[in-house]
Structures are given as structure tokens and as C-alpha cells.
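# Breakdown of the fold
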Amino acid sequence: MTIHAYGAHAADRPLESIGITRRAPGAHDIQIDIAYCGVCHSDIHQVRSEWAGTLYPCVPGHEIVGRVSAVGAHVSAFAIGDLVGVGCIVDSCRHCADCDDGLENYCDHMVGTYNGPTEDAPGHTLGGYSQQIVVHERYVLRVRHPEADLAAVAPLLCAGITTYSPLRHWNVGPGHKVGVVGIGGLGHMGIKLAHAMGARVVAFTTSESKRQDALALGAREVVVSRNEEEMSSRAASLDFILNTVAAPHDLDPFFALLKRDGTMALVGAPATPHPSTQVFNLIMKRRSLAGSMIGGIPETQEMLDFCAKHAIVADIEKIRADEINRAYERMLRGDVKYRFVIDCASLAA
Ligand code: NAP
Ligand code: ZN
Ligand code: ZN
């Protein structure tokens, strides 16, 4: 059966309505009627082949929430009607050390929700800007938020887990002072989550206009990173920095903010490298530079449950699918508060 989706036929073409097919659910598959799909900056990087290797047609979208509409014969954990989510991962090898540890995100054979290898037509996976998706039960998450929050839950499936996982890995909690750099989809979740974990959050933004918002999101202090005085007054004061910026920028001013033994974890994934960093900024206080990619399936469920318990959702602006190209332009200008979410009901022609 053909279903409606939104995608691009080439790197330099806008997204448009296209018809796609999904496989019939296998024994361990869940078929999901997609209600909402969040719009991640990675969607822009990939649909425009900024990371190279994008296969077309490309249907982006890995912040998927909806309702189970069919289950395979051997599925017991999910039933028709359940509220569920799918994030960035729809398959992996299931037997390597990473998969055994529930860190499918680091499996060498992780299959992304879009642009990943599959036997399904057209030979690569197609994402959540669509009416329906079929996913192996291992990669389906349970949504425990109230149904009224569903649209605002969608961004948790990437922006939520991508910020939750490093905050947990570096043991962020009470007594910690944590910087979050870039207040976009990831950054605004990073502020909410670090605050909920008990840390004192300092938000760093290039946008003066986001100052008040950042405080409302849970930051205790806001620094406009272009203001050298504001930056230098925080020298050597932070235990950990989560850097979510989607574009290349000078990392050195941020290293200077870390205390001895502090770490800056990069989650932003710009298409071109950051300017080279001064090694002395790391050596002098035994600082670390690290990276982190999304999170595994068990940790994604843990994050969803943490957010349900703490009533945490994303701040969103709902759009119709045919508004996606304009939404991308706004994201590139940093003009989003703080995540666009496609109402997939708008895909029905
Ligand atoms: P977003 O909503 O567009 O937010 C990015 C923010 O970065 C902007 O709002 C802006 O915040 C800041 N920024 C500063 N200078 C910028 C510039 N020249 N161009 C664009 N942004 C600039 O993006 P997102 O969805 O949060 O994603 C952020 C990055 O994380 C992307 O590169 C994405 O691909 C990557 N990502 C990585 C993972 C992972 O697993 N590691 C997962 C998801 C996404 P201010 O206005 O506050 O400065
Ligand atoms: Zn994403
Ligand atoms: Zn594996």
C-alpha cells in the first residue's frame, strides 16, 4: 500500500509530497500510525547531504510518536492502540558488545531510521515525515506521558536522548555547574534535563533574544557567548559543558570555562570541522574534549520515563508537512522555539 510522506529527490531540491511503501509487519514488527514527527537539525544535514552519502529519495524524521496499528504474531510487549515512539535507530546487529550493553547507538551495524541499509524498498530506510512506519519491536519505545502531550513528546526521541545520555554518562547532578551551549532543539532539552537532574545550569547563546527564555527553561544564568566580558567572568567555573551548536565555531573560549578535570562533550555535528583548538587550553587544567551520539534503546526508555515522571516535554511549534522547507530556513537562522513538530495528519492528501 502506498502511503504519503514528505521528502527530497536530491540534495539541492526542496522537500515535497511523495508516495512510499512500508513492509507488511513481520513476526516481531510493530506497525505505527505516526501522529507527530519532530524536526531535528540532523534532518537538514542529511537531506542536503552535508554529511555526504545521502540516498534519494530521502524521507527524514527520527522523532516519531504515534499509535500501534498492527503487531506481528510474536509480539507480546505491545498491543494495538498503545502510544509508542521511535527514535534514531530501527535496527542493529543485536549480538555485538555494544548491542549486548544496550548501546545500539554505538553498534557498527546500527541502522538509522532514515538513510540506513534495508531490504525494504527503495533499499534504504525512510523516516518519520510519513503516515506510517514498521519497526522491529526491540527498537520501539513506550510513551507514558498523557496523550495530550504527544506532539511535545516527539522531540524527546532524539533531542531528549541526545542530551540525557551525556548528562547521565558524566554524572551530572546536584552540586554540579553545567554549561549548555546553543539553545535550539537539543540545547533547550539539555537545559530542562540538567536542571531536573539537580545541576545549576548556565546557558550559552549567540541570540540575545533567548535570554529570558533560557531562564524560563531552567537555566540559572544566561551568557551571550559573543560578549567577551560575560564569558571571561565565568572562567574555570563549570564542571561540564554540553555543546549542541550545529555550526563550526571556536571551542577555545568554552574550554576556558571548565574547572580542573572538566569535560566538554560535543553533540552538535556540523558538516565542516571546528577551527583547530589550542592544546594548552586542555593541558593546563587536565580538561577533556569528548563526543556523544544519541543513546541506546534502554536508556531512551529510561529518559522517556524520567521525563514522564518530571512532566518534561519539549517546547514546540506545530507545523503542517508542507511548511517544512520554511521551517528549515528558520532553523538555519536559529529562529525556532524550540522544536518544529510535523502534524502527520496533514500528510493525508
Ligand atoms: P537547532 O535546533 O537548529 O539548534 C542549534 C542551535 O545552535 C541554534 O539554535 C543556535 O543557538 C546555535 N547556533 C549558533 N550558531 C549557529 C549557526 N551558525 N548555525 C546554526 N546554529 C547555530 O539544532 P538541533 O536540532 O538542536 O541540533 C544541533 C546539532 O546537533 C546539529 O548539528 C545536529 O545534527 C546535531 N545532533 C547530533 C546528535 C548526536 O547524536 N550527537 C543528535 C541530534 C542532533 P543559539 O541561538 O542559542 O546560539
Ligand atoms: Zn536528531
Ligand atoms: Zn551490534
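Everything in this summary refers to the structure shown in the same document. (Residues numbered from 1 in each chain as written. Chains lettered and ligands numbered in written order. Predicted model: local features only at pLDDT ≥ 70, side-chain atom pairs only at ≥ 80, totals over all residues. Heavy atoms only, no water.)

## Comments concerning the nonpolar core
Here is the rule we go by: Side-chain atoms within 4.5 Å link the members of a nonpolar core, which is a set of buried Ala, Val, Leu, Ile, Met, Phe, Trp, Tyr and Cys residues. The rule is simple: take the accessible area with a 1.4 Å probe, protein chains only, and divide by the maximum for that residue type; under 20% is buried, over 50% is exposed, in between is partly exposed. What counts as a domain boundary in this text is fixed by an automatic or database domain assignment.
Counting residues in each nonpolar core, the largest one holds 94 residues, and the members touching the most others are Y129, L167, I191, L193 and I324. Shared between two domains, this core holds at least three residues of each, these being domain 1 (2-158 + 315-348) and domain 2 (160-291). Counting residues in hydrophobic clusters, the runner-up holds 15 residues, among them M231, L257, M264 and L282.

## A look at the coordination of the zinc ion (ligand 3)
We apply this condition: For Na, K and Ca the donor cut-off is 3.2 Å, and for all other metals it is 2.8 Å, counting N, O and S atoms only; because water is absent from this set, sites may look incomplete. Angle rules define the geometry names used: all angles between 85 and 135 degrees makes four donors tetrahedral, while opposite donors over 155 degrees apart and all other angles between 65 and 115 make four donors square planar and six octahedral, leaving every other case irregular. Numbering of helices and strands starts at the N terminus; helices are DSSP runs of H or I of at least 4 residues and strands are runs of E of at least 2.
Within the protein, C93 (SG), C96 (SG), C99 (SG) and C107 (SG) serve as the donor atoms for the zinc ion (ligand 3), at 2.3 to 2.4 Å. For the zinc ion (ligand 3), the 4 donor atoms are set out with angles of 103 to 116 degrees between them, so the coordination reads as tetrahedral. Sequence spacing among the residues donating to the zinc ion (ligand 3) works out to C-x2-C-x2-C-x7-C. One end of the pair, C93, is in the loop between β6 (89-91) and α2 (97-100); the other, C107, is in the loop between α2 and β7 (111-112), and 14 residues separate them in sequence. Since its relative accessible area comes to 17%, C93 is described here as buried.

## Details of the site of ligand 1
Formally: In these notes, residues near a molecule or strand are those with any non-hydrogen atom within 4 Å of it. We define a polar contact as two N or O atoms separated by no more than 3.5 Å, with the added condition that, inside protein, one atom must be a possible hydrogen donor and the other a possible acceptor, whereas residues neighbouring each other in sequence contribute only through side-chain atom pairs. Only the protein chains shown count as cover for residues, and all accessible areas are computed by the Shrake-Rupley method using a 1.4 Å probe.
The environment of ligand 1 is formed by 28 residues, the closest being H41, T205, T206, S207 and R339. Here an oxygen atom of ligand 1 sits 2.6 Å away from a polar atom, N or O, in the side chain of T206. Alone, ligand 1 offers 910 Å² of accessible surface; in the complex the protein occludes 89% of this. It is helix α1 (residues 41-47) that contributes the most residues to the shell around ligand 1, 3 residues altogether.

## Let's talk about the packing of helix α4 (residues 159-169) against helix α5 (residues 185-196)
Where we set the bar: Convention adopted: a line fitted to C-alpha atoms gives each axis, helices being fitted over their contacting stretch, and angles between N-to-C directions are expressed from 0 to 180 degrees. Here is the rule for angles: anything less than 35 degrees is roughly parallel, anything more than 145 is roughly antiparallel, 65 through 115 is roughly perpendicular, and the remaining ranges are oblique. Handedness of a helix crossing follows the sense of rotation of the near helix relative to the far helix, less than a right angle counterclockwise being left-handed and clockwise being right-handed. Whether two residues are in contact is decided by their heavy atoms, any of which lying within 4.5 Å being enough. The nonpolar class holds Ala, Val, Leu, Ile, Met, Phe, Trp, Tyr, Cys and Pro. Asp, Glu, Lys and Arg form the charged class, and all remaining residues, Gly among them, are polar.
Close contact between α4 and α5 brings their axes to 8 Å; oriented N to C, the two are set at 50 degrees. It follows from the interaxial angle that α4 and α5 lie oblique. The handedness of the crossing between α4 and α5 comes out as right-handed. Residues A159, G160, T162, T163, Y164 and L167 of α4 form the contact with α5, whose own contacting residues are G185, L186, M189, G190, L193 and A194. Looking at the contact of α4 with α5 residue by residue, the classes come out as 7 nonpolar, 5 polar and no charged.

## Details of the coordination of the zinc ion (ligand 2)
Those protein atoms acting as donors to the zinc ion (ligand 2) are C40 (SG), H62 (NE2) and C158 (SG), and they sit at 2.0 to 2.2 Å. Along the chain, the residues that donate to the zinc ion (ligand 2) are spaced as C-x21-H-x95-C. Here C40 is found in the loop between β3 (29-38) and α1, whereas its partner C158 is found in the loop between α3 (150-153) and α4, with 118 residues between them in sequence.

## Comments concerning helix α11 (residues 324-332)
One turn of the α-helix equals 3.6 residues, which is why residues spaced by three or four share an orientation. Quick note on the threshold: An arc is given here, and it is the one of the directions from the helix axis to the C-beta atoms.
Looking at α11, one finds that the buried residues are I324, A327, Y328, R330 and M331. What you see down the axis of α11 is that its buried residues fit within an arc of 165 degrees, all on one side. Those residues of α11 hidden inside the fold are in contact with β1 (2-7), α1, β16 (316-319) and β17 (339-343). G334 lies just past α11 and shows a positive phi near 70 degrees.

## Quick look at the environment of S49
Along the polypeptide, S49 turns up in the loop between α1 and β4 (64-71). Given the relative accessible area of 23%, S49 is considered partly exposed. Sequence separation of S49 and D12 is 37 residues, and the distance between their C-alpha atoms is 8.9 Å. Apart from residues lying up to four places away in sequence, S49 is in contact with A11, T54 and Y56.

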